[in-house]
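Inside the fold
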Amino acid sequence: MGGNGSFLKRTADSESGRRYFTVDTLGEIQIIQYKNGKQRKMPEESHAPNRIYATFEKDGSDVKAIARYGSDGKKIFEIHTGDHYGIHPHYHLWGDGTQQKDGFPLTSEMKMLLDKVRKYDKGK
């Protein structure tokens, strides 16, 4: 998977050029982690089309973010579990490689997606 423009730059074509690694999969969702263990933002682009990536808080207490990517590998939206001006959880739309500032309450589909990831059992 790429990140931060690496898809277009082709730096994610090899494992050494990737910033994230896949910890596990949950159906169509890939649970990812930043390679050096530090919490970072989600990749802006996916090397594969129509992906869904999810990350967990460092302590594993909750989902940190879930992002859906389109057929062009670019991020469509990102769900955050933290508060955004009283909206908890919320999502942001993405366009032209940029996150919109406005946060919105989750749609019913997004709530189901978040619930699915929250039920993920790391100890399968």
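Up top is the structure these notes are about.
First things first, this report covers the structure right here in the doc. (Residues numbered from 1 in each chain as written. Predicted model: local features only at pLDDT ≥ 70, side-chain atom pairs only at ≥ 80, totals over all residues. Heavy atoms only, no water.)

Further remarks concern the nonpolar core. For soluble globular proteins, the rule of thumb is that nonpolar side chains tend to be buried together. If you look at the biggest cluster of nonpolar residues, it comprises 17 residues, and the most contacted ones within it are Ile29, Ile31, Ile66, Ile79 and Val117. For this core, the secondary structure elements donating two or more residues are strand E2 (29-34), strand E3 (52-56), strand E4 (63-69), strand E5 (75-80) and helix H2 (108-118). Counting 8 residues, the second-largest nonpolar core is a separate cluster that includes Met42, Tyr53, Ala65 and Ala67. (Core = buried A, V, L, I, M, F, W, Y, C linked by side-chain atoms within 4.5 Å. Buried < 20%, exposed > 50% of the residue type's maximum accessible area, 1.4 Å probe, protein only. Helix = DSSP H or I, 4+ residues; strand = E, 2+ residues; numbered from the N terminus.)

This part takes up the pairing of strand E6 (residues 90-95). In this sheet, E6 lies alongside E5 in antiparallel orientation, the contact comprising 4 bridges. Note that in E6 the partner of Glu78 across the bridge is His92. Both E6 and strand E8 (residues 104-105) contribute to a ladder of 2 bridges, which runs antiparallel. By the bridge assignment, His90 is partnered in E8 with Pro105. Sheet topology places E6 next to strand E7 (residues 98-99); 2 bridges connect them, and they run antiparallel. Counted as the bridge partner of Trp94 is Gln99 from E7. The turn linking E6 back onto E7 is made up of 2 residues, and Asp96 within it adopts a positive phi angle of 55°. (Pairing = 2+ DSSP bridges.)

With 6 bridges joining them, strand E1 (residues 20-26) and E2 adopt antiparallel strand pairing. Residue pairing across strands places Thr22 opposite Ile32, the latter belonging to E2. Remark: 2 residues form the turn of the hairpin made by E1 and E2, two consecutive strands paired antiparallel; Gly27 in that turn has positive phi of roughly 65°.

Relative to the helices and strands, Arg118 is located in helix H2. For Arg118, a relative accessible area of 38% translates into the label partly exposed. Along the chain, Arg118 and Asp62 lie 56 residues apart, while their C-alpha atoms are 6.8 Å from each other. Ignoring any residue separated from it by four or fewer positions in sequence, one finds Arg118 in contact with Asp62, Val63 and Thr81. (Contact = heavy atoms within 4.5 Å.)

Each neighbour pair has its own omega, and for His88 with Pro89 the value is -15°, a cis peptide bond. Of note, Pro89 is situated in the loop between E5 and E6. Of note, Asp96 is a non-glycine position whose phi angle comes to about 55°, a positive value. Checked against the element boundaries, Asp96 lands in the loop between E6 and E7.

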